[in-house]
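An overview of the molecular structure
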Amino acid sequence: MPQTPPIVDIVQASQQSITAILNKIESVVLGKPKECRLALACLLAQGHLLIEDLPGMGKTTLAHVLATTLGLSYQRTQFTNDLLPADVVGFSIFDNETNRFELHKGPIFNQVVLADEINRASPKTQSALLEAMAEQQVSIDGITHELPMPFFVIATQNPLFHAGTYPLPESQLDRFMMRLSLGFPDLKAEKQILLNTSQRTNQTSADSKGNSKADNEGVIAEAELIVMQDAVTQVSVSNDVLEYIIALSHVSRRAYNGHISPVNNTDTITSEISCKPLSPRASKALLQAAKAMAFIDNRDYVLPDDVQAVFYVVCQHRLEMQPNRQLDASQLESSSVARQILNSVDVLNPLGY
Amino acid sequence: MIFFNNKSKKVSADAVGGVKMQTKSKAKSNFDLSRKNAWLLWLCQCLNISVIALELSTWMLAIIALSLAWQALLLHQGREKGNSLSKNKTVSGHTHRQNSRQNSRQGTNVSPIVLGIFALLGCVAIVITAKEVGILASMLHLLCFSYALKGFELRSRSDFYQLLLLGLFVLAASLIFRQDLAFSLITFALLVLTLAVLLQFFSFEKTFVTNIKVVVILLCQSAILAIVLFLVFPRLSPFWQVPLAKSAETGLSDTVKPGDIANLTRSTKLAFRADFGQQKVPNYSQLYWRAMVLEEYDGRQWSRQHKFTRNKTAAAAKNFSFDNSATGVSPLSYQVLVEPSFQKYLFALAPSVVTGDAKGIQAQADHTFNNSKIISQAKSYRLTSYLTAPLTLELTKQSRQLNLSYPQGSNPRLEQLALQLQHNYVDVQARAQAVLNIINKENYSYTLQPPLLKNNSLDQFFFDTQAGFCVHYASVFTFVMRASGSPARMVTGYLGGEYNGVTNTGDNTGKLANKGHLSIYQYDAHAWSEIWVEGKGWLRIDPTSSVDPERVNSGWSTQLLQQQSELNNDLFSLYRMKNIAWLNALRLQFDALDYQWTRWVIGFTTKQQYDLFKNWFGQMVSWKLALIIAVSLVISMSMLMLFLHLLNRSKTKPQSLTKWQILYQKSMAKLAKQGMDKPSSMTVNDFAKEVRQQCPELAIVFTRLSASYNRLCYQTLSTNEQEKLMLTMQQQYQHFIQVLKK
């Protein structure tokens, strides 16, 4: 392995910045270390993040602090049902002085785009954003514009049972690498939040204002982030872990096969799990996210632990048949389809089922 | 070939998974067969047994049906239990697993004692009846009995294998009794099904249809080996006695009484085939296939001459030859392929001699042929016939007497008629013609459903009922001729046959064709008479021709066919088949295929094998033959070994656990003894944490061990590093053991 030393070096060199970033985020989003790590992992794995929770749980705060700590250009767009695709992407306007069309870039031409309450916009606007996410480029009036690198979309959405929401279709949910849910803070954290709000009214008001280069400087530089993202892709994956990921997705597909043909009905040992099958894109995302987790954990190789850590957030929104968001997030996770699938696969001998 | 490799890898990977799982949970020995597989296995059992059902006695069938129904019931109950459980399940993984175990077939809770007693009773019954049914049949009973009972105790994987193997044995055994193409195809299909059930057990994430495809492909690949074995493996004669129980069902019997053959004609089974090669097939009305000559009449039925007298006459006629008759008469040479009839008689057209291999064929004085053994396998022989040549010209005193005798006073009215005729017509042939005229002119009818006769009285038939089948007319005619003082005898056999020209299937009258064969079915069975005329020998007279000429000239009339299909009450009766053109064409095609199958595959006997070797390797010496067989066996075996070796190698690669895996598994086993089981879905790190909580004194050593294991397993290391780390891990393991002992 000729390129091993560089990765090991990068991993070790990056540890300091990573702890710094995490500290920074955790100081703002209180009492949620796990979610913060996951969000960072998503960013390092070059995936897009969907945060779903009730209003006022700190979704926007998390998105905001992520963008600022990484020193990226950032713009927030509040999605409403009358928002048009051009409002997101941008448009050309005729300039009388120069007699030319001039491009007015929309908020999407930022490195971090926060799409707030994405499921309140009409499907047309949603798909404009999601197309940009997939292609990393937008076309305005027939001219293709590259989006800046690194490009990272954080979308937040309200739970689907809220009034005035257009649920994202599965195909578009699939574009998000992770779906996070913050959940209620614990006692200690909530106390601190209450204390903090009275001290830092400035910052919260900056949130609602959109484009803000507030008090924080970025902890790392843009170039360093790109180096880290590159390093993440080079984290080594052993055959066993690959088989583990394959086994996980196979378990989810077994029920689907049964669903199609009545012959293969759902009475084999584990296929009672009723879920949507995981696509190869999902397993790719799972692998990438696991790599990022390993990287954050100061390792240059992936462990099954990493896969397990990210499995719920990466796969649950691709698996579930009907979202049921009434329960508390932690309660949900323990009984979710994702957990069932994890339980049915042997870690040491994945393909043996 | 590439595809094949992939497949074997996949299968082996599955198998490896299975093996690993088994070693891990040996103590529990939980053998889970999914519901669908269990039902498939059950279906497989039912079908396999149904193939051989005809050979089993009724009580055995009843027992088997009972136990299969019981198994089905248990399966069904298991399902209900599973359903009710899954309704109120909480979705945690643990109850989930329990659930699936409830669902599985091992839930069949028949106590082994009951089963044991049941099995013992069955065996006793088999032993008791063994004498009656013969050794082969009782062995078969035992096989099927165990096959049906084995389904009750599917506790481990080896039970599952045994059940499937038994199924394959049952299929193989069924081929002892029938070998025709249709049956072989059915057996092959069932073989595929059985193997697919096995495959389905290992790769159940695939659909059953894909598994069947895989099995078919694998079987086709193994066909090469099968062909080699087929060609070179020494043909051993069967060391069992094929039972004779079926003789009543098919074919002609030694004795015949009015009404007998009419029953036989309901059967559409094949009797034999004749291949005339490039020669012209004779007219339908000349195709009198003689099987038996019945010379004794006791007033009720016709039977063959007693054995000892027959032997005498046969000896007298031994030196009979055709030299004189061959002049001026064109010979007709053909091959006959007899289906197993479980009788000894063979079929031949009027005067004929056996050409070619005459081993085991005995020519009789009355120009019929007998096989020395009962025909239990398809047999072929070549004959040359001289259709227009007269049969035996001389009549011994003894046989003259025999062919004139009849019980006096058994049919007084006919005797009277005979005397009258004797008075009116001096010439024998004219007298015969007179009888035929009576039959032709009076209101006689030819029917498959003749009214029953009291004591088989010919009087009653001839004067009252006046409706009968060929045996009736032949009987009456022979009787009248005998009563009027001219020797006459009854001949049974087959008339006609269906021409199957593979190339021009549309034409089944068979007069123009140059290639094809005749298929003679049971419904072609016929009886006719022969009378002795001085100077002309035995002449064939068929009284049927004067009541229903169509039967003799071209086969069954539509009226008869209709009658037959009504009697059979069969959707696929011949009559209906013949009416639908494409179906008939299809039937003929299949018949042609079946002919080739019988000729080349079933007819491939020791002699054919010998000839083949002779063709390939020149003059055969016994050592050469032995050498060829040995070499080809060695080659095919080594091919098999090579294949198995390759399979094993690809299997051992992933199977051979790495050193660190073995070490970790050992330590896991040690911990399991302490009551700390690692759930399979738990990662190594999480388990280490768990251990730390449960027994802190082990924490440090085990965590270190786990960390080393993780690195060895998941990190990409150079071999050097690996060895070093392995050493450390071994040391850590020693530490771990030491701490554990304390």
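Residues numbered from 1 in each chain as written. Chains lettered and ligands numbered in written order. Predicted model: local features only at pLDDT ≥ 70, side-chain atom pairs only at ≥ 80, totals over all residues. Heavy atoms only, no water.

Quick notes on the overall build of chain B
Assigned secondary structure in chain B consists of 28 helices and 18 strands. Of all 742 residues assigned to chain B, the portion counted as buried reaches 48%. Pairs at least 24 residues apart make up 74% of the contacts formed inside chain B by residues separated by at least 6 positions. Within the structure as shown, chain B displays about 37300 Å² of accessible surface, and the carbon and sulfur contribution to it stands at 60%. (Helix = DSSP H or I, 4+ residues; strand = E, 2+ residues; numbered from the N terminus. Buried < 20%, exposed > 50% of the residue type's maximum accessible area, 1.4 Å probe, protein only. Contact = heavy atoms within 4.5 Å. Areas by Shrake-Rupley, 256 points an atom, 1.4 Å probe, with all protein chains shown as cover.)

Looking at the pattern of salt bridges
Summed over the entire model, instances satisfying the criterion amount to 18 salt bridges over all chains. Across the pair Asp-116 of chain A and Arg-76 of chain A runs a salt bridge whose closest N-O atoms are separated by 2.5 Å. Of this pair, Asp-116 of chain A sits in strand E5 (residues 112-116) while Arg-76 of chain A sits in strand E2 (residues 74-78), placing them 40 residues apart in sequence. Residue classification places Arg-76 of chain A among the buried positions, given a relative accessible area of 18%. A salt bridge links Arg-489 of chain B to Glu-295 of chain B; the nearest nitrogen and oxygen atoms lie 3.6 Å apart. Placement of the pair is Arg-489 of chain B in strand E14 (residues 488-495) and Glu-295 of chain B in the loop between strand E3 (288-294) and strand E4 (296-297), with a sequence separation of 194 residues. Each member of the salt-bridge network shares a partner with another, and the members are Arg-37, Asp-297, Arg-299 and Asp-306 of chain A. (Salt bridge = Lys/Arg side-chain N within 4 Å of Asp/Glu carboxyl O.)

Structural notes on helix H9 (residues 208-232) of chain B
Residues and elements named next belong to chain B. The end-to-end C-alpha distance of H9 is 36 Å, a good match for the 36 Å that 25 residues give at a rise of 1.5 Å each. At Ala-223, H9 shows its largest kink, close to 35°. Those residues of H9 that fall on the buried side of the exposure criterion are Phe-208, Asn-211, Val-214, Val-215, Leu-219, Leu-225 and Val-232. (Expected span 1.5 Å × (residues − 1). Bend = angle between axes of the 7 residues up to and from the residue.)

Details of the sheet that holds strand E5 (residues 302-303) of chain B
Pairing between the strands of a sheet is mediated by backbone hydrogen bonds and can be parallel or antiparallel. Residue and element names in this part refer to chain B. Strand order across the open sheet formed by 3 strands is E1-E5-E4, with antiparallel pairing between neighbours. Here the strands that pair on one side only, and so sit at the sheet edges, are strand E1 (255-256) and E4. As judged from the 2 bridges shared by E1 and E5, these two strands associate in the antiparallel manner. Bridge pairing in E5 links Val-256 to Trp-302. (Pairing = 2+ DSSP bridges.)

Remarks on the side chain of Ser-283 of chain A
Structurally, Ser-283 of chain A is set in helix H11 (residues 280-296). Setting aside chain neighbours within four positions, we find Ser-283 of chain A in contact with Ile-245, Ser-249 and Arg-253 of chain A.

A word on the confidence of the model for chain B
Residues and elements named next belong to chain B. Per-residue pLDDT for chain B has a mean of 76; in total, 80% of the residues score no lower than 70. For chain B, the element scoring lowest by mean pLDDT is helix H1 (residues 2-24), at 37; helix H7 (residues 157-174) scores highest, at 90. In this model, residues 314-326 is a region of pLDDT below 50 whose contacts with residues beyond four sequence positions or in other chains number 10 contacts. A low-confidence stretch, residues 503-514 stays under pLDDT 50, and its non-local contacts, those more than four residues away or across chains, total 18 contacts. (pLDDT = per-residue confidence, 0-100.)

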